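# Fold and contact review
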Amino acid sequence: GAVVSQHPSRVICKSGTSVKIECRSLDFQATTMFWYRQFPKQSLMLMATSNEGSKATYEQGVEKDKFLINHASLTLSTLTVTSAHPEDSSFYICSAQGTENTGELFFGEGSRLTVL
Amino acid sequence: SQQGEEDPQALSIQEGENATMNCSYKTSINNLQWYRQNSGRGLVHLILIRSNEREKHSGRLRVTLDTSKKSSSLLITASRAADTASYFCATEYTGGGNKLTFGTGTQLKVEL
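Because the structure is predicted, anything quoted here is derived from the model rather than measured.

### Looking at the overall build of chain B
Helix and strand counts for chain B come out as zero helices and 11 strands. Reading chain B from its N end, one meets helices and strands in the order β-β-β-β-β-β-β-β-β-β-β. Against the 2.2 N^0.38 benchmark of 13 Å for 112 residues, chain B shows a C-alpha radius of gyration of 13 Å, consistent with a compact globule. Referenced to the eigenvectors of the C-alpha coordinate spread, the extents of chain B come out at roughly 45 × 30 × 20 Å. Scored against the burial criterion, the 112 residues of chain B give a buried share of 44%.

Here is the structure:
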């Protein structure tokens, strides 16, 4: 089956620094990837839709200058949390849509960000 | 918000029993999907049911969809301790461009 790799799985950083999270589709090409944020014991909230070769589409209320998304190739999308603050601490999960476009999404294992 | 709601929020059963989770959503959909999440991990796709389907089976899983009531249910039969996880329904809304909107989730605990 389709595999999505997300890295790093855990990251701790100081306030004010930037953190980059990578999402790779390992055995398929993903023209569209999605980035979600999840708070403890809560659901996933869609942050943005990442399209290869074009600008990401952000959901209402998500600061695009805060959460930079780059989808430079068909197998890699990155999320950069800029000037991180403690309130940015969360679980970030990416997902990718396969080339067959069945509607099913393939998820990475998530990245837990802790901002001190 | 178009986020769906699931009930119950939490469910605790004994191994061997069946577990039923319900999901309600708000607007017209192309499909509804169920995902499983183990604590602190990513999501695993379980089953997808299209808007023109009413029931679907996959192993011990049975999903129903009632578009008139905008609701779906997930039944896990003969539950096992390894089924302990959070379960989320997700809807692809018509006109939503393949985006999935996730429900609030049900935390299932299967005890030995």
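### Topic: the interface of chain A and chain B
Each partner contributes to the interface: chain A provides 23 residues, whereas chain B provides 21 residues. Contact between chain A and chain B buries roughly 1,600 Å² in total, counting both sides, with carbon and sulfur atoms accounting for 48%. At the boundary of chain A with chain B, the tally comes to two salt bridges. As a salt-bridge pair, A:E59 and B:K99 come within 2.9 Å of each other at their nearest N and O atoms.

### A look at the environment of A:E109
By the element assignment, A:E109 lies in the loop between β10 (105–107) and β11 (111–115). Spatially, the C-alpha atoms of A:E109 and A:H7 are 8.5 Å apart, while their sequence positions differ by 102 residues. When neighbours within four sequence positions are excluded, A:E109 is seen to be in contact with A:Q6, A:F91, B:G40, B:R41 and B:G42. In terms of polar contacts, A:E109 uses its side chain to reach the side chain of B:R41, at 2.4 Å.

### Brief notes about the nonpolar core
All names here are of chain A. Grouped together as the largest cluster of nonpolar side chains are 24 residues, with contacts concentrated most on V4, W35, L79, Y92 and L113. Within the residue set of this core, elements represented by two or more residues are β2 (10–13), β3 (19–25), β4 (32–38), β5 (44–51), β7 (67–73), β8 (76–81), β9 (90–97) and β11. With sequence-adjacent residues up to four places away left out, L79 is seen in contact with V19, K20, I21, W35, F67, L68, I69 and Y92.

Rules and cut-offs
- Residues numbered from 1 in each chain as written.
- Chains lettered and ligands numbered in written order.
- Predicted model: local features only at pLDDT ≥ 70, side-chain atom pairs only at ≥ 80, totals over all residues.
- Heavy atoms only, no water.
- Helix = DSSP H or I, 4+ residues; strand = E, 2+ residues; numbered from the N terminus.
- Rg over C-alpha atoms; globule rule 2.2 N^0.38 Å.
- Buried < 20%, exposed > 50% of the residue type's maximum accessible area, 1.4 Å probe, protein only.
- Contact = heavy atoms within 4.5 Å.
- Buried area = accessible area lost by both parts, 1.4 Å probe.
- Salt bridge = Lys/Arg side-chain N within 4 Å of Asp/Glu carboxyl O.
- Polar contact = N/O pair within 3.5 Å; in protein donor to acceptor, adjacent residues only side chain to side chain.
- Core = buried A, V, L, I, M, F, W, Y, C linked by side-chain atoms within 4.5 Å.

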